[in-house]
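Residue-level listing of the chains:
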Amino acid sequence: MSVITIERKVLARNDEIAAANRALFRKHKLFVINVVSSPGSGKTSLIEQTLKRLADRLPVAVIEGDVQTDLDAQRVARYSVPVVQIVTNGGCHLEAKLVQDALSALDLGAAQLLIIENVGNLVCPSNYDLGEHLKVVVASTTEGDDKPLKYPAMFRNAGVLVVNKIDLVPYVNCDPGTLRANALSINPSLIVFETSCTTGHGIDLWCDWLFAQSSS
Amino acid sequence: MHELSIAHSIVDIVRQYVQGPDLKLVRSIRVKVGEHSGVVVDSLEFSFSAITAETDLKSSRLDVDRIPFVIECRSCGARSRTEWGVARCPVCGASETAVVSGTELQVLDIELEDTPSEGS
């Protein structure tokens, strides 16, 4: 028997492409966020609300990732920002290569903030670096307050938690304080925002913070 | 179900190191999988055998080293295994901790059977 020593990360190829994406973002002074969550937590709604408030203040571009359809790209295009839809055809997450290909369809020099909406899935996207500066995990109150404990990798790898559908707290079995405490028990450095895309609660705070990050 | 694409990535790495007829000599591929790597080992093993079934790698197997999730406290220095991946130090209660292990996803080595020609 002979042994070949490898000691290589399984996703090393993805990480190499992610590093190339990151270098490209740096070159164009582009701030990039990767928005992740389970399906239906309100990622697209949050992006729409964000575009409503930020698109006039700084140039934004969007990459939408979905298993099927370009419905989300259609929603985002209403805000007159450049948008590219990635359809993964069954793939449960975005990979750096898919983002690299999508970037060629965008004028990166004309944008200052790039929002990537990942496929709705709280497990797989946490493994794949896309080259982003920041992962934003959206958890809605309708999902309950235990999700950070059930899907810790996603919350550990994120820099920001947006607790969405905060207006529904009176009607659902979710304590936002417990949700926040559970998330911070996994990742104490998480920055937490509470929002409602229906009432607009907390959206200005989130947008002002994102604007400051994108401009610095 | 990203274990399928993880399995493909493992096979791609193996093919970078072993080519042509030598692929049939691969006996085992040792991988390190952290408890909190987000990978289900059973699914990974199933995916690996499914994608290698009709190939030169059909007689190879995945050997999985499971790595426990361990944090180190920046306050008291204790190293602990914590349940559910909680980052708080179970010894002193501090929340400033660093992950020491348990998020790995790595190909360690490949074991090959010796070729008859080389052994002569």
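In case you missed it, the structure is sitting above this.
A. Geometry of the interface of chain B and chain A. Across the boundary between the two partners, chain B contributes 28 residues, which contact 26 residues of chain A. Looking at which element gives the most residues to the side of chain B that touches chain A, the answer is strand β6 (residues 105-112) of chain B, with eight residues. Per-class residue counts for the side of chain B that touches chain A are 14 nonpolar, seven polar and seven charged. Here strand β1 (residues 2-9) of chain A pairs with β6 of chain B via six bridges, running antiparallel. Across the sheet, the residue bridging to T5 of chain A is D109 of chain B, located in β6 of chain B.

B. Layout of the environment of A77 of chain A. By the element assignment, A77 of chain A lies in helix α3 (residues 71-77). Taking the C-alpha atoms as reference points, A77 of chain A and A61 of chain A, 16 residues apart in sequence, are found 10.0 Å from one another.

C. Geometry of the packing of helix α1 (residues 12-27) of chain A against helix α4 (residues 96-103) of chain A. Residues and elements named next belong to chain A. Where α1 meets α4, the axes come as close as 8 Å, and the angle between the chain directions of the two elements is 35 degrees. Once α1 is placed against α4, the crossing between them reads as left-handed. Taken together, the residues of α4 that come into contact with α1 (itself represented by N14, I17, A18, A20, N21 and L24) are A96, K97, V99, Q100 and L103. Tallied by class, residues from the contact of α1 with α4 come to seven nonpolar, three polar and one charged.

D. Expanded view of helix α2 (residues 41-52) of chain B. All names here are of chain B. Taking 1.5 Å per residue, twelve residues should reach 16 Å; α2 reaches 16 Å between its end C-alpha atoms and fits that length. Taken as a whole, α2 has its buried residues at L44, S47, F48 and T52. The buried residues of α2 all sit within an arc of 115 degrees when viewed along its axis, so they share a single face. Facing away from the buried side of α2, by more than 90 degrees, are the exposed residues D42 and A50. Those residues of α2 that are buried are in contact with α1 (3-17) and β2 (61-67).

E. Representation of the sheet that holds strand β5 (residues 113-117) of chain A. All names here are of chain A. With parallel pairing, the seven strands of this open sheet are ordered in space as β4-β3-β5-β2-β6-β7-β8. The open sheet has two edge strands with one neighbour each: β4 (83-87) and β8 (191-194). For this sheet, the mean angle separating the axes of adjacent strands, direction not counted, is 20 degrees.

F. Quick look at the pairing of strand β7 (residues 160-164) of chain A. All names here are of chain A. In terms of residue burial, β7 counts as a mostly covered element, since four of its five residues are buried. Two strands pair when backbone bridges link them, and strand β6 (residues 134-140) and β7 are joined in this way by five bridges, in the parallel orientation. Its bridge partner lying in β7, A139 is registered against V163. Across four bridges, β7 lies against β8 in parallel orientation. If you follow L161 over to β8, its bridge partner there is V192.

Reading the values: rules and limits
Residues numbered from 1 in each chain as written. Chains lettered and ligands numbered in written order. Predicted model: local features only at pLDDT ≥ 70, side-chain atom pairs only at ≥ 80, totals over all residues. Contact = placed C-beta atoms within 7 Å. Helix = DSSP H or I, 4+ residues; strand = E, 2+ residues; numbered from the N terminus. Nonpolar A, V, L, I, M, F, W, Y, C, P; charged D, E, K, R; others polar. Pairing = 2+ DSSP bridges. Axes fitted to C-alpha atoms, helices over the stretch in contact; angles between N-to-C directions. Left-handed = near helix turned anticlockwise from the far one by under 90°. Expected span 1.5 Å × (residues − 1). Buried ≥ 20, exposed ≤ 12 C-beta atoms within 10 Å, placed from the backbone. Arc of directions from axis to C-beta.

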